[in-house]
Amino acid sequence: MADNKLADRVLELRSLLDELVRTGLVDQRDANRLLGTPRSPEQAQMHPLTYIASCELQSQQGGVLDAETLNRWLADAAGVPLFHIDPLKVNVAAVTEVMSFQFAKRHQILCVDASKDRLLVATSQPFAEGWVQQLAHTSGRRIERVLADPADIQRYSVEFYSLAQSISGATGLKGSSSAGNFEQLLELGSLKDPEANDAHIVNIVDWLLQYAFDQRASDIHIEPRRGMGRIRFRIDGVLHHIQELPDAVNAAVTSRLKILGRMNVAEKRKPQDGRIKTKRPDGSEVELRLSTLPTAFGEKLVMRIFDPEVLLRSYRELGLAGDDLHRWDTMLSRPNGIVLVTGPTGSGKTTTLYTALKQLATPEVNVSTVEDPIEMVEESFNQTQVQHSVGLDFAAGIRTLMRQDPDIIMVGEIRDLETAQMAIQAALTGHLVISTLHTNDAPTAVTRLLDLGVPGYLIKSTILGVMAQRLVRTLCPACKAPHAMDDTDWQSLVRPWKAPKPETVYRPEGCLECRNTGYHGRQGIYEILPFTESVQALIGSDCDLQALRHQGMREGMNSLRLAGAKKVAAGLTTVEEVLRVAPPPDISF
């Protein structure tokens, strides 16, 4: 396209439309209509490619001319590689030092990767090259150009440079963040920590929360390290490195969040808990649970993000369906007894319990909970938070709730014998009790209760069933591809059971929708063991766990790996993902 009217100049709407008409992508009538239609001030500020994409023209070659199609066309026409900016993979501190914001804005470019001898620069003007020599001279590095979506360049330029400016401004505040640092070095002249309410710190915290919402993070980790702080997001169960902050700024960000969470800012020696309620960019409310922990280099802060929308999800959306859903509903339909949900931290137990309570909390019943802490506030049932400082623990909470005329009681976790005894007492007096327990699988819940000191005859008479669960990442529906799986991979998943290998399985490919991970979202895999008469007969002080598992399997219980195998066969996830989260079966035939 070197000899056409786009070469060696900044792209304009008329010349771009003329070239699209010439190459047969746009009809001349559509081009004339766009040129004859007055543009609003906001549209006039758009890059011409972004404006054309917003008009959703029908391509002469079929389909709608969206931003992706137009960007691919322009990249091919200019002979420049197309690049999709993933903010999770950009070192903001490094790329913003390469050039000023004004320079980047003037030339509509953004550095997306910086190494010792090379700069990778995204541009939305592939035919304007005047800046390349200037940047190569000032940086002393080789320049590689790529084409990126103009809207992404504009958005991330503002975000990256605003963040870098806030960090730089906050770093300029005099102070030391070393309170609580075991390697503290006394620095004379340090007056105070950076002010947690300083405008720069407020901007950093606002960016952090908005960025986490935008990236679908479930947890935010703010971790002090030697001389700096590190921010990581957990997305679909996997941690991603996001940003590094100077140690003084890191401490100020932590203090700011503690203020928002109504925590004691001065107390850095003891763990604390707090919560924040805020809004996403789309206006929907979201709750964050805060937890601090003193570490060798200072105070670590973890924020768990709770989306109220999970309370509106059905069991099927959580991944619970078929026979497993029937067993689960059957257990919850009983008027009294105990239903246990087991699994490690982060396996989705809280979401399962809240979904169950939301469906059980009809106007005809009194649903009450005792939690530590209350993770999501829901007005359809009564929630009580454990407060050890005033003697309100799980056992005391259950004891009090039994005088509150409850029908259904949810206990956050059974941790000790006293709590287990109170839950059993509630079940024996006509209440349905739902709680969690930390075990690897469903049958092991029996031995866990026995270890706590609960007699076998009470387990038989009160436990209705146990459900173990894990969360697996689900394949991105936009890019998953068929895959021929060999027998070894399948047998590693279903061993020691015999299950037919599916004809087709899928593997992750990676696209824009999933940030090139191949996965988007998570679903549960479940192992449900109803306490039938034959299962109860095996429970005693010398309970044989193998016999319990065998009996559960005979009555239709799927192990976690078998449940995962069904998800693999349905094209929802991969063998590797199930093997990553599901424990190997401790059973043989």
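Right above here is the structure, for reference.
Nothing here was measured: the structure is a model prediction, and the numbers come from that model.

*Asks:* Please explain helix H2 (residues 28–36) as it appears in this structure.
*Replies:* In an α-helix, one full turn covers 3.6 residues, which means residues spaced three or four apart are oriented alike. Asp30, Ala31 and Leu34 are the residues of H2 that are buried. Looking straight down H2, one finds that the buried residues subtend no more than 100 degrees of arc, so they occupy a single side. Among the exposed residues of H2, those oriented more than 90 degrees off its buried face are Arg29 and Gly36. The secondary structure elements touched by the buried residues of H2 are helix H1 (13–22) and helix H4 (48–54). Looking at where H2 begins, the residue whose side-chain oxygen comes 2.9 Å from the main-chain nitrogen of Arg29 is Asp27.

*Asks:* Help me understand the packing of helix H15 (residues 394–401) against helix H16 (residues 417–428) in this model?
*Replies:* Any two packed helices are characterised by how steeply their axes cross, that is the angle between the axes, and by the distance between the axes. Direction vectors running N to C along H15 and H16 enclose 20 degrees, while the axes themselves pass 8 Å from each other. Taken together, H15 and H16 sit at an angle that is classed as roughly parallel. Between H15 and H16 lies a crossing whose hand is left-handed. On the side of H15, the interface is formed by Phe394, Ala395, Ile398 and Arg399, while H16 contributes Glu418, Thr419, Met422, Ala423 and Ala426. Taken together, the residues of the contact of H15 with H16 sort by class into 6 nonpolar, 1 polar and 2 charged.

*Asks:* What's the story with the environment of Lys89 in this structure? I'm lost.
*Replies:* The topology assignment puts Lys89 in the loop between helix H5 (67–78) and helix H6 (92–96). Given the relative accessible area of 60%, Lys89 is considered exposed. Separated by 153 residues in sequence, Lys89 and Ile242 place their C-alpha atoms 7.7 Å apart.

*Asks:* What am I meant to see in the sheet that holds strand S6 (residues 238–246) here?
*Replies:* Strands belonging to one sheet form pairs held by backbone hydrogen bonds; the direction of such a pair is parallel or antiparallel. Spatial ordering of the open sheet is given by S6-S5-S4-S9-S8-S7, a layout of 6 strands whose pairing is antiparallel. A single partner strand is all that each edge strand has here, and the edge strands are S6 and strand S7 (272–279). Mean inter-strand twist for the sheet, computed between neighbouring axes without regard to direction, equals 20 degrees. Summarising the sheet, strand S8 (residues 285–295) and strand S9 (residues 298–306) pair through 9 bridges and their orientation is antiparallel. By the bridge assignment, Arg289 is partnered in S9 with Arg304.

About the criteria used
- Residues numbered from 1 in each chain as written.
- Predicted model: local features only at pLDDT ≥ 70, side-chain atom pairs only at ≥ 80, totals over all residues.
- Heavy atoms only, no water.
- Buried < 20%, exposed > 50% of the residue type's maximum accessible area, 1.4 Å probe, protein only.
- Helix = DSSP H or I, 4+ residues; strand = E, 2+ residues; numbered from the N terminus.
- Arc of directions from axis to C-beta.
- Contact = heavy atoms within 4.5 Å.
- Polar contact = N/O pair within 3.5 Å; in protein donor to acceptor, adjacent residues only side chain to side chain.
- Axes fitted to C-alpha atoms, helices over the stretch in contact; angles between N-to-C directions.
- Parallel < 35°, antiparallel > 145°, perpendicular 65-115°, else oblique.
- Left-handed = near helix turned anticlockwise from the far one by under 90°.
- Nonpolar A, V, L, I, M, F, W, Y, C, P; charged D, E, K, R; others polar.
- Pairing = 2+ DSSP bridges.

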